[in-house]
Amino acid sequence: MTLIKILVCVDASPQSKKALEFALTYCKEKDVVINLLYVGEGMNIGHFSGSYAPEGFSSVMKDMEEKEDKAIMKMLEDLGKEVIAKGFEYTPILARGVPRDEILRVIDQEKITFAVLGCRGMGTIQKAFMGSVSDYVVAHANCPVIVWRETPW
């Protein structure tokens, strides 16, 4: 039997938690690995980079990012316990960059069978200016993508 690799994109939102629950509920195969992906956009130090940064600034930023990484890995481990409890293996993945680009990179790099994303339900104006990560991933992914959204009924 072929190994099925499911990518579930997670953050601290209730929607991503529901996306994971969805993936675990509807997954009936036993040869499955759930890849839990968190994409951090990184610390935006803006004009404080390079020679303009106050002394010690970059080490403070690096410390902050390391603390954030530890907290994120803890969250991924906690979600991984739910995956293990359902009888599946999991792989935690922490990436830094633009979320839509990192999701597509991981899909290709890990040879993902299908991906599950939560949807925050941005309004029309916000979506027009920012774009939707889930819309972009659905349009450009090299695998099927399920976008979990709360139903009103």
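So, a few notes on the structure that sits alongside this text.

Cut-offs and rules
- Residues numbered from 1 in each chain as written.
- Predicted model: local features only at pLDDT ≥ 70, side-chain atom pairs only at ≥ 80, totals over all residues.
- Heavy atoms only, no water.
- Helix = DSSP H or I, 4+ residues; strand = E, 2+ residues; numbered from the N terminus.
- Expected span 1.5 Å × (residues − 1).
- Buried < 20%, exposed > 50% of the residue type's maximum accessible area, 1.4 Å probe, protein only.
- Arc of directions from axis to C-beta.
- Pairing = 2+ DSSP bridges.
- Right-handed = clockwise from strand over helix to strand, strands pointing away.
- Axes fitted to C-alpha atoms, helices over the stretch in contact; angles between N-to-C directions.
- Contact = heavy atoms within 4.5 Å.
- Phe/Tyr/Trp six-rings, centres within 6.5 Å; stacked < 30°, edge-to-face > 60°.
- Lys NZ or Arg CZ within 6 Å of the ring centre and 35° of its normal.
- Core = buried A, V, L, I, M, F, W, Y, C linked by side-chain atoms within 4.5 Å.

### Description of helix α1 (residues 14-26)
- The terminal C-alpha atoms of α1, which comprises 13 residues, lie 18 Å apart, in line with the 18 Å expected from a rise of 1.5 Å per residue.
- When we look at burial in α1, the residues that qualify are Ser-16, Ala-19, Leu-20, Ala-23 and Leu-24. Buried residues of α1 fall within an arc of 130° about the axis and therefore sit on the same side. Across from the buried face of α1, at angles greater than 90 degrees, the exposed residues are Pro-14 and Tyr-26.

### Thoughts on the pairing of strand β2 (residues 32-40)
- A large share of β2 lies buried, amounting to 9 of its 9 residues.
- With burial as the criterion, each face of β2 is covered, one bearing Val-32, Ile-34, Leu-36, Tyr-38 and Gly-40 and the other bearing Val-33, Asn-35, Leu-37 and Val-39.
- Relative to β2, strand β1 (residues 4-9) runs parallel, the two sharing 6 bridges. Residue pairing for β2: Val-8 is matched across the bridge by Leu-36.
- Tracing the backbone out of β1, into α1 and back to the parallel element β2 gives a crossover that is right-handed.
- Here β2 runs beside strand β3 (residues 89-96); their pairing, made up of 8 bridges, is parallel. Note on β3: the bridge partner recorded for Leu-36 is Pro-92.

### With respect to the sheet that holds β2
- Spatially, 5 strands are ordered β3-β2-β1-β4-β5 in an open sheet, and the strand pairing comes out parallel. Either end of the sheet is taken by a strand with one partner, and the two such strands are β3 and β5 (145-148). Strand after strand, the sheet turns through a mean of 20° between neighbouring axes, direction not considered.
- Note: β1 against strand β4 (residues 114-118), 3 bridges, orientation parallel. Across the sheet, the residue bridging to Leu-7 is Ala-115, located in β4.
- Strands in contact with helix α3 (residues 99-110) are β1, β2, β3 and β4; relative to β2, the strand with the most contacts, it is inclined by about 150°.
- Those strands touched by helix α5 (residues 133-140) are β4 and β5, and its axis lies near 160° from that of β5.

### Observations concerning the packing of aromatic side chains
- All told, the structure shown has 0 aromatic pairs when counted by the stated rule.
- Looking at Arg-100, its charged tip hangs above the ring of Tyr-136, at a distance of 3.9 Å from the centre.

### Describing α3
- For α3, with 12 residues, the first-to-last C-alpha span of 16 Å sits near the 16 Å given by 1.5 Å per residue.
- Buried within α3 are the following residues: Pro-99, Glu-102, Ile-103, Leu-104, Val-106 and Ile-107.
- Those residues of α3 that are buried lie in contact with β1, β2, β3, β4 and α5.
- Directly beyond the C-terminal end of α3, a positive phi value near 55° is found at Lys-111.

### Some details on the pairing of β4
- Sheet topology note: the β4/β5 ladder contains 4 bridges and is parallel. Along β5, the bridge assignment pairs Val-116 with Ile-146.

### Let's talk about the nonpolar core
- In this structure, Ile-6, Val-8, Leu-20, Ile-34 and Leu-36 are the most contacted members of the largest nonpolar core, which totals 20 residues.
- Among the secondary structure elements, those contributing two or more residues to this core are β1, α1, β2 and α2 (57-85).
- When residues in this core are grouped by element, the largest group, 5 residues, is from α2.
- Excluding its chain neighbours within four sequence positions, the residues that come into contact with Ile-34 are Ile-6, Val-8, Leu-20, Leu-24, Val-83, Phe-88, Glu-89, Tyr-90 and Thr-91.
- One finds Val-39, Ile-93, Cys-143 and Val-145 within the second-largest nonpolar core, a separate group that totals 17 residues.

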